[in-house]
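# Secondary and tertiary structure notes
The residues making up each chain are set out below.
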Amino acid sequence: MSGAAINLFHGTDHDTLPLHTGLCLADDEDAAGTYGKTIHEVELDLDGLTVEEVDIDLAAVKRDGEDYPADTESDRATYLARGVDVIVFDDIADRLGGGTEHRTYRILSDRALARLA
């Protein structure tokens, strides 16, 4: 996956967007709103970044509360060692309550973090 800039959303209880590697951004504003009272809209320029699609079992996440890709620092390090800047996966807001399905873009590298506007 590569290409143009896309608009994404992050729901949080912080007044400012907490920029950090591991940051998750949703492609759906309503879904982002389930994560916090403040929704930040950002633009992410994917051009030149290495973006990897990750398949996950949403049923297992909902049923068992399994971790999402790159939830841990060691998982993020594994992706970074392969040169991956961003991972994209199907997600569900309020994962145990059966909320809104959406796509999540997880920022892994400082290079990708710098592409947020």
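Preceding block: the structure.
Conventions and cut-offs
Residues numbered from 1 in each chain as written. Predicted model: local features only at pLDDT ≥ 70, side-chain atom pairs only at ≥ 80, totals over all residues. Heavy atoms only, no water. Helix = DSSP H or I, 4+ residues; strand = E, 2+ residues; numbered from the N terminus. Contact = heavy atoms within 4.5 Å. Buried < 20%, exposed > 50% of the residue type's maximum accessible area, 1.4 Å probe, protein only. Pairing = 2+ DSSP bridges. Salt bridge = Lys/Arg side-chain N within 4 Å of Asp/Glu carboxyl O.

### Things to note about the environment of Ala112
With respect to the helices, strands and loops of the structure, Ala112 is situated in helix H4 (residues 110-113). Between the alpha carbons of Ala112 and Gly48 there is a distance of 9.6 Å; along the sequence they are 64 residues apart. Not counting residues within four places of it along the chain, the set of residues in contact with Ala112 comprises Leu44, Leu49, Asp85, Val86 and Ile107.

### Some words on the pairing of strand E6 (residues 101-107)
Where burial is concerned, most of E6 is hidden: 5 out of the 7 residues are buried. As paired strands, strand E2 (residues 24-26) and E6 are joined by 3 bridges and run antiparallel to one another. Bridge pairing in E6 places Leu25 opposite Tyr105. Relative to E6, strand E5 (residues 86-92) runs antiparallel, the two sharing 7 bridges. Bridge assignment links Val88 to a residue of E6, and that residue is Tyr105.

### Overview of the pattern of salt bridges
This model, assessed by the stated rule, comprises 6 salt bridges. Arg115 is paired through a salt bridge with Asp45; the nearest N and O atoms lie 4.0 Å apart. Of this pair, Arg115 sits in the segment after H4 while Asp45 sits in strand E3 (residues 38-45); the two residues are 70 residues apart in sequence, bridging distant segments of the chain. With a shortest N-O distance of 2.3 Å, Glu52 and Arg82 are connected by a salt bridge. In this pair, Glu52 sits in strand E4 (residues 51-53) while Arg82 sits in the loop between helix H3 (73-81) and E5, placing the two residues 30 residues apart along the sequence. A residue is classified by how much of its surface remains accessible, and Glu52, at 24% relative accessible area, is partly exposed. Salt bridges linked by common partners bring Glu53, Asp90 and Arg103 together as one network.

### As for the environment of Phe89
Looking at where Phe89 falls in the secondary structure, it is placed in strand E5. Spatially, the C-alpha atoms of Phe89 and Arg103 are 5.6 Å apart, while their sequence positions differ by 14 residues. Those residues within four positions of Phe89 in sequence are excluded, and the remaining contacts are Val54, Ile56, Tyr68, Pro69, His102, Arg103, Thr104 and Arg106.

Everything listed here is a matter of geometry and, on its own, says nothing about what the molecule does.
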